[in-house]
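Letter by letter, the chains look like this.
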Amino acid sequence: MVSAPIVVHRPSPSGGRRVTAYGHILGLAHDDHDLIEFLRRAGLPDADTVIDDPQMAEWRGGRAHHYEAA
């Protein structure tokens, strides 16, 4: 199985989730707005819709769209 090119990693102990796309670290998102902005800056079209596409985005270690501390 090929993993999705966008990975939203598990929430950090201090809150927020590291975001990677195609193996590159984009930043630490604290909400969906941050996540969408990171993806937009990385040149991904339709960033607001790809975050819910399991073929494009994988949410690891917690529920999607939740950024609270682990």
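Bear in mind the structure is a predicted one, so any value in this text is a computation, not a measurement.

K.L.:
Tell me about the pattern of salt bridges, and please be specific about residues and values.
P.N.:
Counting across every chain of the model gives 3 salt bridges. As a salt-bridge pair, Glu-37 and Arg-41 come within 2.9 Å of each other at their nearest N and O atoms. In this pair, Glu-37 and Arg-41 both sit in helix H1 (residues 32-41), 4 residues apart, roughly one turn of the helix. Ionic pairing is found between Arg-60 and Glu-58, a salt bridge with its closest N-O pair at 2.9 Å.

K.L.:
Describe the sheet that holds strand E2 (residues 17-21), naming the residues involved and giving the relevant values.
P.N.:
Picture the strands of a sheet paired through backbone hydrogen bonds; they go either parallel or antiparallel. With mixed pairing, 4 strands are arranged side by side in an open sheet as E3-E2-E1-E4. One side of each edge strand has no neighbouring strand; the edge strands of this open sheet are strand E3 (24-29) and strand E4 (57-59). Here the strands of the sheet are splayed against their neighbours by 20 degrees on average, with no regard to which way each runs. Bridge analysis of strand E1 (residues 6-11) against E4 gives 3 bridges, and the strand direction is parallel. Looking at E4, one finds that Val-8 is bridged to Trp-59.

K.L.:
An account of the pairing of E1 is requested, with residue identities and associated values reported.
P.N.:
Burial runs high along E1: 5 of the 6 residues are buried. Taken together, the 4 bridges between E1 and E2 define a ladder with antiparallel strand orientation. In the sheet register, Val-8 faces E2, and the bridge partner there is Val-19. Where E1 folds back onto E2 in an antiparallel hairpin, the turn is made up of 5 residues, including Gly-15, whose phi is positive at roughly 100 degrees.

K.L.:
Describe the nonpolar core, and please don't skip the residues or the numbers.
P.N.:
The nonpolar side chains of soluble globular proteins are, as a tendency, buried together. In terms of nonpolar packing, the biggest core is built from 15 residues, with Ile-6, Ala-29, Leu-35, Leu-39 and Trp-59 touching the most fellow members. Take this core: its biggest share by element is 3 residues, from H1. Not counting chain neighbours up to four residues away, the residues in contact with Leu-35 comprise Val-8, Val-19, Ala-29, Ile-51, Trp-59 and Tyr-67.

K.L.:
Report on H1, specifying residues and quantitative values.
P.N.:
For H1, the complete set of buried residues consists of Leu-35, Phe-38 and Leu-39. End-on, the buried residues of H1 take up no more than an arc of 95 degrees, which puts them together on one face. Residues of H1 that are exposed and angled more than 90 degrees away from the buried face: His-33 and Arg-41. Residues of H1 that are buried make contact with E1, E2, E3, helix H2 (47-50) and E4.

Conventions adopted
- Residues numbered from 1 in each chain as written.
- Predicted model: local features only at pLDDT ≥ 70, side-chain atom pairs only at ≥ 80, totals over all residues.
- Heavy atoms only, no water.
- Salt bridge = Lys/Arg side-chain N within 4 Å of Asp/Glu carboxyl O.
- Helix = DSSP H or I, 4+ residues; strand = E, 2+ residues; numbered from the N terminus.
- Pairing = 2+ DSSP bridges.
- Axes fitted to C-alpha atoms, helices over the stretch in contact; angles between N-to-C directions.
- Buried < 20%, exposed > 50% of the residue type's maximum accessible area, 1.4 Å probe, protein only.
- Core = buried A, V, L, I, M, F, W, Y, C linked by side-chain atoms within 4.5 Å.
- Contact = heavy atoms within 4.5 Å.
- Arc of directions from axis to C-beta.

Function-wise, these values are silent; they only describe arrangement.
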